[in-house]
Amino acid sequence: MEKKPELKPEEAAMELVACFPAKVARKRSKQIVINEVGPEEQVPEVMANVRTIPGIITMRGCSYAGCKGVVLGPTRDILQITHGPIGCGFYSWATRRNQTRPATGEDTNFMPYALSTDMQEEQIIFGGEKKLKKAIEEAIALFNPKAIGIFSTCPVGLIGDDVHSVAREMEAKYPGINIFGFSCEGYKGVSQSAGHHVANNKVFTDVVGLIDEPKEGKYKVNLLGEYNIGGDAFEIERIFEKAGLTLHSSFSGNSVYEEFASAHTADLNVVMCHRSINYLAEMMEKKYGIPWFKVNFIGAEASAKSLRKIAEYYGDKELMDKVEEVIAEEMKEVARVRDDVASRCAGKTAMMFVGGSRAHHYQDIFKEIGMKTIAAGYEFAHRDDYEGRKVIPSIKVDADSRNIEELKVTADPEKYRDRLTEADRKRLGDEFKFKNYEGMMPDMDPKTLVIDDLNHHEMEVLIEKFHPDIFCAGVKEKYVVQKYGIPMKQLHSYDYGGPYAGFQGAINFYRDIDKMINTKVWSLVKAPWDDSPELTATYACDQAV
Ligand code: SF4
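Engineer: Tell me what's going on with helix α21 (residues 502-518), and back it up with residues and numbers.
Structural biologist: Compared with an ideal rise of 1.5 Å per residue, which puts 17 residues at 24 Å, α21 spans 24 Å between its outermost C-alpha atoms and is within 8% of the ideal. Most of α21 is tucked away: 12 of the 17 residues are buried. Restricting attention to buried positions, one finds in α21 the residues G502, F503, G505, A506, I507, F509, Y510, D512, I513, D514, M516 and I517. Contacts made by the buried residues of α21 are with α10 (232-243), α13 (300-314), α14 (317-345), α15 (358-368), β13 (470-473) and β14 (488-490).

Engineer: For the sheet that holds strand β9 (residues 292-294), give the residues involved together with the corresponding values.
Structural biologist: Reading across from one edge, β7-β6-β8-β9 is the order of the 4 strands in this open sheet, with parallel pairing throughout. Here the strands that pair on one side only, and so sit at the sheet edges, are β7 (246-252) and β9. Between one strand and the next, the sheet's axes are offset by a mean angle of 25°, whatever the strand orientation. Of the strands in this sheet, β6 (220-226) and β7 touch α10, which is tilted by about 160° from β6.

Engineer: Quick one: what's the story with the environment of V190, residue by residue and with numbers?
Structural biologist: Looking at the secondary structure, you find V190 in the loop between β5 (178-182) and α9 (193-206). On a C-alpha basis, the gap between V190 and R51 in space is 5.0 Å, while along the polypeptide they are 139 residues apart. Sequence-distant contacts of V190, that is, excluding residues within four places in its chain, are made with N49, V50, R51, R60 and D400.

Engineer: I'd like a rundown of the sheet that holds strand β1 (residues 32-34), residues and numbers included.
Structural biologist: The strands making up a sheet are joined through hydrogen bonds of the backbone, oriented either antiparallel or parallel. An order of β1-β12-β11-β10-β13-β14 is seen for the 6 strands of this open sheet, with the pairing classed as mixed. Sheet topology places β1 and β14 at the edges, where each strand pairs with a single neighbour. When the angles between neighbouring strand axes are averaged without regard to direction, this sheet yields 20°. Here strand β11 (residues 372-377) runs beside strand β12 (residues 449-451); their pairing, made up of 2 bridges, is parallel. Within β12, the position partnered with A375 by the bridge is L449. Helix α20 (residues 475-483) rests against β13 and β14 of the sheet, and its axis sits at about 170° to β14.

Engineer: Describe the layout of surface pockets, listing the residues and the values that go with them.
Structural biologist: Estimated volume of the second largest pocket: approximately 980 Å³. In terms of lining, the second largest pocket is formed by 37 residues, of which the most central are H382, I395, V397, S401 and E406. For the lining of the second largest pocket, the elements supplying multiple residues, two or more each, are α9, α12 (274-288), α16 (383-387) and α17 (399-402). Top element by residues in the lining of the second largest pocket is α12. It accounts for 6 residues. Counted by class, the lining of the second largest pocket contains 14 nonpolar, 10 polar and 13 charged residues.

Engineer: Just give me the short version of the pairing of strand β8 (residues 268-271), but keep the residues and values in it.
Structural biologist: Of the two faces of β8, both are covered, the one formed by L268 and V270 as well as the one formed by N269 and V271. Pairing between β6 and β8: 4 bridges, direction parallel. When the bridges of β8 are listed, N222 appears paired with N269. In the sheet, β8 pairs with β9 via 3 bridges, with the strands oriented parallel. Bridge pairing links V270 to F293 in β9. Once you follow β8 into α12 and on to β9, the crossover reads as right-handed.

How each quantity is defined
- Residues numbered from 1 in each chain as written.
- Predicted model: local features only at pLDDT ≥ 70, side-chain atom pairs only at ≥ 80, totals over all residues.
- Heavy atoms only, no water.
- Helix = DSSP H or I, 4+ residues; strand = E, 2+ residues; numbered from the N terminus.
- Expected span 1.5 Å × (residues − 1).
- Buried < 20%, exposed > 50% of the residue type's maximum accessible area, 1.4 Å probe, protein only.
- Contact = heavy atoms within 4.5 Å.
- Pairing = 2+ DSSP bridges.
- Axes fitted to C-alpha atoms, helices over the stretch in contact; angles between N-to-C directions.
- 1 Å grid on protein atoms, 1.4 Å probe; cavity = no way out; pocket = protein on both sides within 12 Å on 5 of 7 lines; lining within 4 Å.
- Points joined across faces, edges and corners; volume = space filled by probe spheres on them.
- Nonpolar A, V, L, I, M, F, W, Y, C, P; charged D, E, K, R; others polar.
- Right-handed = clockwise from strand over helix to strand, strands pointing away.

Functional significance is not addressed by these values, which are geometric in nature.
Rendered as structure tokens:
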């Protein structure tokens, strides 16, 4: 495919919606903005977290996918039972390459399993609670778990099965096992974002705070919103250990039940994926007094910055020196590979449409090898993920958001502990922002395109007009992009690569992108629809009678 002349973003924005009916085009236009960063990081308003228009092929997943697949999926010893038809369970089974590492071969690891009640027509008509109880008993007999999560799918909500009362009943029967249900029916929200919120609420009310035993070690940190895709959490754990930090728990990559249950004993929460887990960070701060701030371990510079911020929070000279030593040591190899790769990748362009933080995080790592992101967006973000948390008070709560329970959280009379003294607050100053996230847009260049909930038609327009050197999204987009002769990197599952977090991860990413962009194979690809479109038709009115 030939490179098209550079198109002005204003023209591209119009072209993206040109084929839609006027009403649809009007709505989509509010979700497509041309970035402009003003004073105090003021950016244009983008419409987000609204329903996808029926008939448009979205990149999104459902609420069940966000709850079971994203947030709870990566834990290894909470037995997870999908209550619903087998398709939902299969869909969320081991497709995201979350890795886990039990200490020994005998330790519990349920991640290779996908348990489902496999609802049939009979249960849809007469109710599936009996089958769910039987499934729980069968699972207990087979696996003897310490905790069970039950995940509701669309049919369960439609017929009115009460997974919570089943959970209570079974818990009374098996008092040693923590059994809890998630009302995460696929239709519960406009995207997987609703499922993240449901998962946060239930883990907070039913698991966090149950075990008061703190972990051994100094500087105890919970890492929130890190799901250990391709081994990312392993690399972050390696760096933490090297710097002398204690990773108390990771929500939820490579995690175990006890770490969730005792997470309230840690000193600090750091948040990687803002959208999927900011609720838990907020609630833990209110109930237990744990401060939180946003970090990013994608990219070597971002990793160094995040490590420095954590050390600064503790304000311990010994820790700060150790962190500098680790950064200096790790950066030697990073710089060597980065400079070599940058010599071939600088000036190339990327587009990325993924997640609720990843499309932001990966812009940093592309910048390190001299690449420019010309269009980006999220599948399930809210306005604050784009524009920064300062816009939260101005976000209108609609019926879809009201669907998800907002928990009223107050300080725990016994377990609340203010981690920061007045002296700490003074030392850290106003510049050290807690519970803040500036969002993706302030970090993007002016005149770049920001598009929420991109669809396949718009993706094809972007590719034809801009011909990016690499496109990053998920598996639903992968093969269409490749047929255009454009390399495509999955940022949900990393294809077969990773880890990409931390310093070693940055090196892996530089090398993988170099190989993808600089191979000649893409110029040999000819899209099948160039010669023979599969679907051809004529209007009846145009046919001769
Ligand atoms: S949308 Fe409903 S039926 Fe489809 S996978 Fe999600 S929960 Fe299952």
